[in-house]
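Secondary and tertiary structure notes
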Protein chains: 2
Amino acid sequence: MDTSALPTKDRLIRAAAQLFRSRGYHGVGLNDLLAEATAPKGSLYHHFPNGKADLALAAATWASDEMLRVIAASFAGAKTFEDGATTLCFKLAKLFDLTGQQDGCPVGSTLFEGLGNAEFLRHAERCYEGWIEEVQDHANRFGLQEADARRRAEHVFLLIQGGWQLARARKSSEVLRGLPELFAYAPQRASTTGKN
Amino acid sequence: MDTSALPTKDRLIRAAAQLFRSRGYHGVGLNDLLAEATAPKGSLYHHFPNGKADLALAAATWASDEMLRVIAASFAGAKTFEDGATTLCFKLAKLFDLTGQQDGCPVGSTLFEGLGNAEFLRHAERCYEGWIEEVQDHANRFGLQEADARRRAEHVFLLIQGGWQLARARKSSEVLRGLPELFAYAPQRASTTGKN
DNA sequence: CAACCAATAGACCAATTGGTCTATTCCTAT
DNA sequence: ATAGGAATAGACCAATTGGTCTATTGGTTG
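Note that the structure is predicted; figures quoted are calculated from it, not measured.

Describing the interface of chain A and chain B
- On the side of chain B, 40 residues touch chain A, which itself brings 38 residues to the contact.
- Approximately 3,600 Å² of surface area, both sides summed, lies buried where chain A meets chain B, with 62% of it carried by carbon and sulfur atoms.
- Our count for the chain A to chain B interface comes out at four salt bridges.
- When the shortest N-O distance is used, the salt bridge between B:Arg170 and A:Glu129 registers 3.1 Å.
- Inspection of the chain A/chain B interface yields eight residue pairs in polar contact (both at pLDDT 80 or more).
- At the level of secondary structure, the elements contributing two or more residues to the side of chain A that touches chain B comprise helix H1 (8-23), helix H7 (118-141), helix H8 (146-170) and helix H9 (174-184) of chain A.
- Of all the elements, H8(A) adds the most residues to the side of chain A that touches chain B, at 15 residues.
- Among the residues making up the side of chain A that touches chain B, the classes are represented as 16 nonpolar, 10 polar and 12 charged.

Here it is as structure tokens:
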């Protein structure tokens, strides 16, 4: 993606999202960051008065919104919930390969290091909750009961998070592509168990 | 855990494991580390000639071995594979609560940041593979077919990794305690699918 | 054109980073 | 007792960290 035409603020956000994802919040210095975004330090502190921390929050938000779009696109043409979830896994596998097979979860890598920064943690939770809800909405759309939709959505989230982590260690997207096998047969259980 | 009686090298390893887990490799300075371990800099470079990187590898190894022990303990008194896996989830939930509900995966937090350091990544994969194999061995012990045991073990690994991440964002071990519901009904599938 | 403010630009700073190096202390084997 | 290496101790270092500050540019209003 060529970002050179974007306004400075967006270049900063994207460079931050990319770098944080691959090296973690503390692993990225402002020098690297500004070089990558081809922006001077003055611009950073103009657009983000609180500096690195503000930028990290913005980067996580942007990356999280991207993820929401990927989820929506995956379920857009789906015939069933499993269908959409499967597409999602494959899309993410492709994304994993395209980004060098080394990056972590954009939200986790960026926000899970600000030791004492409670704001970071709260924001991470919001992002994750947003992803789960997006999946859950599609589950609802396919007729799943409220509670069941929630459970299925969370299940998919957990597998993808875990899968991404293992994929990273293995430098291979294979795990991600194998996820559908794991939730495809998952039970419509608890409240509906009685009927099966 | 009072570590003050341990030899310096072990104090360093444990302090490193603890700090890296909560703040990530780059989030921990040698000053914090040495203060936490109450050791002077000279000792660090005596025991770990390559400094921080060596220490991180040692810390990850130590933490990984601890995890192997937790897995073994969980399956030790188990009647079935699900039984053991369930105990494991609950043990980890308790561990999560005891460690302040904020720490990440000891291996991932420590090793997934050394950008160019291929050694880190390789070591992370070895650790993860070790965990999966340990679970797989118990699955075998309960009579599961080789391929199926492998799949079940990996499934448990993925759920725990994802669950831990979500638990961290939510500052709650609830997710971890709910994991057994998700793999309890998992299919003995693939090679056996034809018969169903 | 002038006034004004958003944005860019980068010099500069104190604090911290990971790491090196020289002393000194401690323990053990002879 | 003493020689010698393991271990401890911390002063010291260059490089980098995140952040501040002043100066300048650019564009949009009046």
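Notes on helix H8 (residues 146-170) of chain B
Residues and elements named next belong to chain B.
- Here H8 is 25 residues long and its end C-alpha atoms lie 36 Å apart, about the 36 Å a rise of 1.5 Å per residue gives.
- The buried fraction of H8 is high, at 21 of 25 residues.
- Positive phi shows up at Lys-171, right after H8, with a value of about 50 degrees.

Side note on the protein's contact with DNA strand C
- Around DNA strand C lies a shell of 15 residues, among which A:Thr8, A:His46, B:Leu30, B:Lys41 and B:Lys52 are the nearest.
- Sugar and phosphate atoms constitute 58% of the interface atoms of DNA strand C, taking the interface as everything within 4 Å of the protein.
- Take A:His46: an N or O atom from its side chain is 2.5 Å from a phosphate oxygen of DNA strand C.
- Between DNA strand C and B:Val28 there is a distance of 3.0 Å, counted from a phosphate oxygen to a backbone nitrogen or oxygen.
- At the level of elements, helix H3 (41-47) of chain A together with helix H2 (30-37) and helix H3 (41-47) of chain B are the ones that each hand at least two residues to the surface near DNA strand C.
- Among the residues making up the surface near DNA strand C, the classes are represented as four nonpolar, eight polar and three charged.

Quick notes on the packing of aromatic side chains
- Going through the model one piece at a time under the given rule, you end up with 16 aromatic pairs over all chains.
- Aromatic side chains B:Trp131 and B:Phe157 sit 6.3 Å apart centroid to centroid with 50 degrees between the ring planes, which places their arrangement in the tilted category. Residue B:Trp131 is found in helix H7 (residues 118-141), and its partner B:Phe157 is found in helix H8; the two are separated by 26 residues along the sequence. Grouping residues by exposure puts B:Trp131 and B:Phe157 together as buried.
- Counting every residue linked through ring pairs, the aromatic cluster contains A:Phe112, A:Tyr128, A:Trp131 and A:Phe157.
- For the cation-ring pair, A:Lys9 lies above A:Phe48, with the distance from its terminal atom to the ring centre recorded as 5.7 Å.
- Sitting over the face of the ring of A:Tyr25, A:Lys52 holds its NZ or CZ atom 4.5 Å from the ring centroid.

Parameters at a glance
Residues numbered from 1 in each chain as written. Chains lettered and ligands numbered in written order. Predicted model: local features only at pLDDT ≥ 70, side-chain atom pairs only at ≥ 80, totals over all residues. Heavy atoms only, no water. Contact = heavy atoms within 4.5 Å. Buried area = accessible area lost by both parts, 1.4 Å probe. Salt bridge = Lys/Arg side-chain N within 4 Å of Asp/Glu carboxyl O. Polar contact = N/O pair within 3.5 Å; in protein donor to acceptor, adjacent residues only side chain to side chain. Helix = DSSP H or I, 4+ residues; strand = E, 2+ residues; numbered from the N terminus. Nonpolar A, V, L, I, M, F, W, Y, C, P; charged D, E, K, R; others polar. Expected span 1.5 Å × (residues − 1). Buried < 20%, exposed > 50% of the residue type's maximum accessible area, 1.4 Å probe, protein only. Near = heavy atom within 4 Å. Phe/Tyr/Trp six-rings, centres within 6.5 Å; stacked < 30°, edge-to-face > 60°. Lys NZ or Arg CZ within 6 Å of the ring centre and 35° of its normal.

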